[in-house]
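Descriptive analysis of the structure
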Amino acid sequence: MHTASIPQKRRFGLSADEFAHWNENGYLVRLGVFSAEENNVLRQVAEDVVDKKRPYPSTNINENALVRDGKIEEQGIYAMHKIHHPSCYCPEFLARVRDPRLTDPLVDILGPDILGINNLFIWKAPKIGLGFPWHQDKFYFRNRFKTETTVGTWTAIDAADTGNGCLYVVPGSHKWDIFQHDDIEGSQQQEFKLARGVCDADGVPVEVPPGAVIWFHSHLLHKSTDNHSLRFRRSYVIHYLSAQAEWSRPEALNSRKRQPVMWIRGQTYPNKVHEVARDVLPISESE
Ligand SMILES: O=C(O)CCC(=O)C(=O)O
């Protein structure tokens with residue numbers, strides 16, 4: 001554990017049992033991390049973004065692929081897939097990505113100096129919400145960052161179960177190398193490729209009540225299924241990086257600018273990933 005240089009006392013760090021579970025399985029679940037009221041604040045902000053009551057970069061608002069491709073008609077949040085990077089534009093989301101209930105456990109895994117590299121509020125609408133294929137997040141993040149692992153947090157806004165498209169993981173797959181990932185045909189969101197050769201039977205569903213959080217390693221194979229229920233399956237996913245990590249391609253400044261990096265806690269280092277935002281971004285600059 002990298003705990004030697006932590007200045008402040010952490011209330012929510014990993015217990016020895018949790019750390020052992022993390023090392024063994026590559027993910028960890030805590031129940032009741034956030035209250036319904038706290039999650040309602042995020043849900044309302046996200047809905048205000050969709051209803052255009054808040055300024056937001058339109059390129060970061062993504063419709064469900066079936067609606068986008070004209071296969072079905074839906075409106076408002078029923079037509080939504082996700083908003084991307086809400087913590088970069090909405091103070092309520094920025095407060096959440098820095099919440100110690102999410103970040104204290106990260107210190108045990110990533111060390112005290114932490115950046116936020118991606119975050120998305122996902123709707124998975126009743127009946128039409130689409131799943132994500134088996135993938136490892138590092139397949140994508142390694143193009144931007146050189147690091148052993150990033151860590152994702154997945155907060156349940158609604159109950160997530162096999163009926164409405166919960167997350168599935170392959171326990172222990174964080175110890176494996178990165179798989180080949182292939183494009184998939186058909187009317188999928190097309191934002192993720194499929195990890196080649198994963199055995200579906202190795203996956204276990206991670207069913208959680210609202211307010212629960214799942215922390216997961218960037219090598220962990222995970223997927224989610226379509227929402228066949230009449231319920232929403234909303235979640236808020238955040239990906240974190242150690243500020244000791246380096247850019248994979250320091251010369252690719254432009255693509256880095258399109259994906260803002262946010263300071264979360266601790267220090268940054270001039271020769272590492274140090275070009276970070278510390279406050280919400282003006283919309284015009286980021287579009
Ligand atoms: O929330 C989901 O359904 C899947 C999200 C996911 O796989 C990811 O963000 O990497």
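This section reports on the structure supplied with the text. (Residues numbered from 1 in each chain as written. Predicted model: local features only at pLDDT ≥ 70, side-chain atom pairs only at ≥ 80, totals over all residues.)

1. Here we look at the environment of Ala156
Structurally, the position occupied by Ala156 is in strand E7 (residues 151–156). Judged by the 27 C-beta atoms lying within 10 Å of it, Ala156 falls in the buried class. Once the C-alpha coordinates of Ala156 and Asn39 are considered, the two residues, 117 residues apart in sequence, prove to be 8.7 Å apart. (Helix = DSSP H or I, 4+ residues; strand = E, 2+ residues; numbered from the N terminus. Buried ≥ 20, exposed ≤ 12 C-beta atoms within 10 Å, placed from the backbone.)

2. Overview of the sheet that holds strand E13 (residues 222–224)
Here 4 strands make up an open sheet; going across it, the order is E5-E13-E8-E11 and the pairing antiparallel. Every other strand in the sheet has two partners, leaving strand E5 (132–135) and strand E11 (204–206) as the edge strands with one partner each. The mean angle between the axes of side-by-side strands here comes to 25 degrees, regardless of whether they run parallel or antiparallel. One ladder, built from 3 bridges, connects strand E8 (residues 167–169) with E11; its direction is antiparallel. Paired with Val169 across the two strands is Val204, which belongs to E11. (Pairing = 2+ DSSP bridges. Axes fitted to C-alpha atoms, helices over the stretch in contact; angles between N-to-C directions.)

3. A look at the environment of Pro100
Counting through the fold element by element, Pro100 comes out in helix H5 (residues 100–110). Expressed as a C-alpha distance, the spacing of Pro100 and Arg54, which sit 46 residues apart in the sequence, is 26 Å. Non-local contacts of Pro100, meaning those with residues more than four positions away in its chain, are made with Arg10, Arg11 and Phe12. (Contact = placed C-beta atoms within 7 Å.)

4. Focus on helix H2 (residues 36–50)
Since one α-helical turn is 3.6 residues long, residues separated by three or four positions face the same way. Between its first and last C-alpha atoms H2 spans 21 Å; for 15 residues at 1.5 Å apiece the expected length is 21 Å, and the two agree. Within H2, burial applies to Asn39, Leu42, Val45, Ala46, Val49 and Val50. Projected onto a plane normal to the axis of H2, the buried residues spread over an arc of 150 degrees and lie on a single side. Exposed side chains of H2 directed beyond 90 degrees from the buried face belong to Ala36, Glu37 and Gln44. Buried positions along H2 lie against strand E2 (61–63), strand E3 (80–84), helix H4 (91–97), strand E4 (114–122) and strand E14 (235–242). The first or second residue beyond H2 is Lys52, which carries a positive phi of 60 degrees. (Expected span 1.5 Å × (residues − 1). Arc of directions from axis to C-beta.)

5. A few points about the site of the ligand
Around the ligand, the neighbouring residues are Ile122, Phe132, Asp137, Leu167, His222, Ser224, Ser235 and Val237. Looking at the shell around the ligand, the elements that each hand over two or more residues are E13 and E14. Counted by class, the shell around the ligand contains 4 nonpolar, 3 polar and 1 charged residues. (Near = placed C-beta within 6 Å. Nonpolar A, V, L, I, M, F, W, Y, C, P; charged D, E, K, R; others polar.)

6. Thoughts on the pairing of E7
Across the 6 residues of E7, 6 count as buried, placing the element largely inside the fold. Along E7, one buried face is formed by Val151, Thr153 and Thr155 and the opposite face, lined by Gly152, Trp154 and Ala156, is buried too. Pairing of E7 with strand E12 (residues 213–217), which is carried by 5 bridges, proceeds in the antiparallel orientation. Bridge assignment links Thr155 to a residue of E12, and that residue is Val213. When E7 meets E14, the two strands line up antiparallel, connected through 6 bridges. Residue pairing for E14: Ala156 is matched across the bridge by Ser235.

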